[in-house]
Amino acid sequence: MRHLLRPFYRRFWNDRRRRARTLLRFAEVEADGGRDLVRAAEVTRDPTLRRLFLIHAIDEQRHAELFRNRGLDLMRGLPAGGGAEGRADWLAPGERGLDDVRVEQERDASLLAFLHLSEKAAARDFANYVGILEGDPPTREVFEKVLHDESFHMNYTHAQLVRVAPGDHRRLIWLARLRRLWGVYLRFASVLAGVIGAVVLTLQYFILLPPFALMARRAQRKEPQGWTAIAPDRNGALGRQY
Ligand SMILES: [Fe+2]
Ligand SMILES: [Fe+2]
């Protein structure tokens, strides 16, 4: 699938403005993920995990800076306004971080399982971008640096998951996978609901409104033109405001 979509990925990344915007979007998500990890470090009771989560948070903050700086560099050479419209984020997913996971409500093991899958997906996507961006060595270099850290994140989360939940880690990874799938379904369902809403409103506009417009036009024709004298009993002095 990834191979089939490669020409589309390439086209997506070829556009300088879109590349810059995508990097700035990645920077936001990385910084957000860093903040979630600081929170995870605060709430865990495991000292090893606390130390690793803090190192991880610092990495994500560094990624945010790398993406932001490169995105701004790309933006600087562009004419103001205009350019490629439409975000098509699905063609260029970045790191998902902890998405909508509420860190405080998670146990260490389920958090690690979720993080592991998230880092694995990020490592796969970033490796893909490294292969595509041969025409932009500085951006490619950014992805290479980030990819190195994502591989570490992917591996340490798995190793720690095996440590804190020996014998149960496979089930937890499957549960995290199902939760991610559920999240994808919800996102898809909300987009679908938007499309259905737009179609129904458009149909209503073209099917239900015309009869009312016709009736209004007919009523308008019956209305007398110009000024009309009102009845004397309605022409007295105003006794109240309304
Ligand atoms: Fe990252
Ligand atoms: Fe990461």
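The structure we're discussing is the one just above.
Residues numbered from 1 in each chain as written. Chains lettered and ligands numbered in written order. Predicted model: local features only at pLDDT ≥ 70, side-chain atom pairs only at ≥ 80, totals over all residues.

**Q** Pulling in residues and values, what's your account of the overall build of the protein?
**A** The helix and strand inventory of the protein stands at 7 helices and 0 strands. When its helices and strands are written in sequence order, the protein yields α-α-α-α-α-α-α. Here the C-alpha atoms of the protein give a radius of gyration of 28 Å, more than 25% beyond the 18 Å that 2.2 N^0.38 yields for 242 residues. Dimensions of the protein along its principal axes, counting C-alpha atoms only, are 90 × 45 × 35 Å. Scored against the burial criterion, the 242 residues of the protein give a buried share of 27%. Put simply, 77% of the contacts in the protein that link residues at least 6 apart link residues at least 24 apart. (Helix = DSSP H or I, 4+ residues; strand = E, 2+ residues; numbered from the N terminus. Rg over C-alpha atoms; globule rule 2.2 N^0.38 Å. Buried ≥ 20, exposed ≤ 12 C-beta atoms within 10 Å, placed from the backbone. Contact = placed C-beta atoms within 7 Å.)

**Q** Can you lay out the nonpolar core for me, pointing to particular residues and giving the numbers?
**A** Among the nonpolar cores identified, the biggest contains 20 residues, and Leu23, Phe67, Phe126, Tyr129 and Phe143 are the most heavily contacted of them. When contributions to this core are tallied by element, the ones reaching two or more residues are helix H2 (16-43), helix H3 (47-76), helix H4 (108-132) and helix H5 (137-164). Once residues within four sequence positions are removed from consideration, Tyr129 is found in contact with Trp13 and Phe143. Leu37, Leu112, Leu172 and Ile173 belong to the second-largest nonpolar core, a separate cluster that totals 16 residues. (Core = buried A, V, L, I, M, F, W, Y, C linked by C-beta atoms within 7 Å.)

**Q** Any chance you could break down helix H6 (residues 169-207) for me, citing the residues and the numbers?
**A** The first and last C-alpha atoms of H6 sit 56 Å apart over 39 residues, in line with the 57 Å expected at 1.5 Å per residue. Taken together, the buried positions of H6 are His169, Leu172, Ile173 and Ala176. Looking at the buried side of H6, the elements it contacts are H4 and H5. (Expected span 1.5 Å × (residues − 1).)

**Q** Before we move on, could you go through the packing of H4 against H5 and cite the residues and values that matter?
**A** Two elements in contact, H4 and H5, have axes separated by 8 Å at closest approach and are oriented at 155°. Accordingly, the angle class assigned to the pair H4 and H5 is roughly antiparallel. Along this stretch, H4 crosses H5, giving a crossing that reads as left-handed. Its residues assigned to classes, the contact of H4 with H5 comprises 16 nonpolar, 6 polar and 6 charged. (Axes fitted to C-alpha atoms, helices over the stretch in contact; angles between N-to-C directions. Parallel < 35°, antiparallel > 145°, perpendicular 65-115°, else oblique. Left-handed = near helix turned anticlockwise from the far one by under 90°. Nonpolar A, V, L, I, M, F, W, Y, C, P; charged D, E, K, R; others polar.)

**Q** Quick one: what's the story with the packing of H3 against H5, residue by residue and with numbers?
**A** Two quantities define a packed helix pair, namely the angle between the axes and the distance from one axis to the other. Between H3 and H5, the shortest axis-to-axis distance is 10 Å and the interhelical angle comes to 165°. By the angle between their axes, H3 is roughly antiparallel relative to H5. Remark: the crossing between H3 and H5 carries left-handed chirality. Here Leu49, Leu52, His56, Asp59, His63, Leu66, Phe67 and Arg70 of H3 lie close against H5, whose contacting residues are Pro138, Thr139, Val142, Lys145, Val146, Asp149, His153, Tyr156 and Gln160.

**Q** With reference to specific residues and values, describe the environment of Arg45.
**A** With respect to the helices and strands, the residue Arg45 is situated in the loop between H2 and H3. On a C-alpha basis, the gap between Arg45 and Asp108 in space is 8.8 Å, while along the polypeptide they are 63 residues apart.

**Q** Residue-level account of the environment of Pro7, with values.
**A** Mapped onto the elements of the fold, Pro7 is located in helix H1 (residues 6-14). Separated by 131 residues in the primary sequence, Pro7 and Pro138 place their C-alpha atoms 21 Å from one another.

**Q** How would you explain the environment of Val101 if you had to name every residue and give the values?
**A** Structurally, the position occupied by Val101 is in the loop between H3 and H4. Sequence separation between Val101 and Leu111 is 10 residues, and the spatial gap between their C-alpha atoms is 8.4 Å. Ignoring anything within four residues of it in the chain, the contact list for Val101 reads Glu106 and Phe114.

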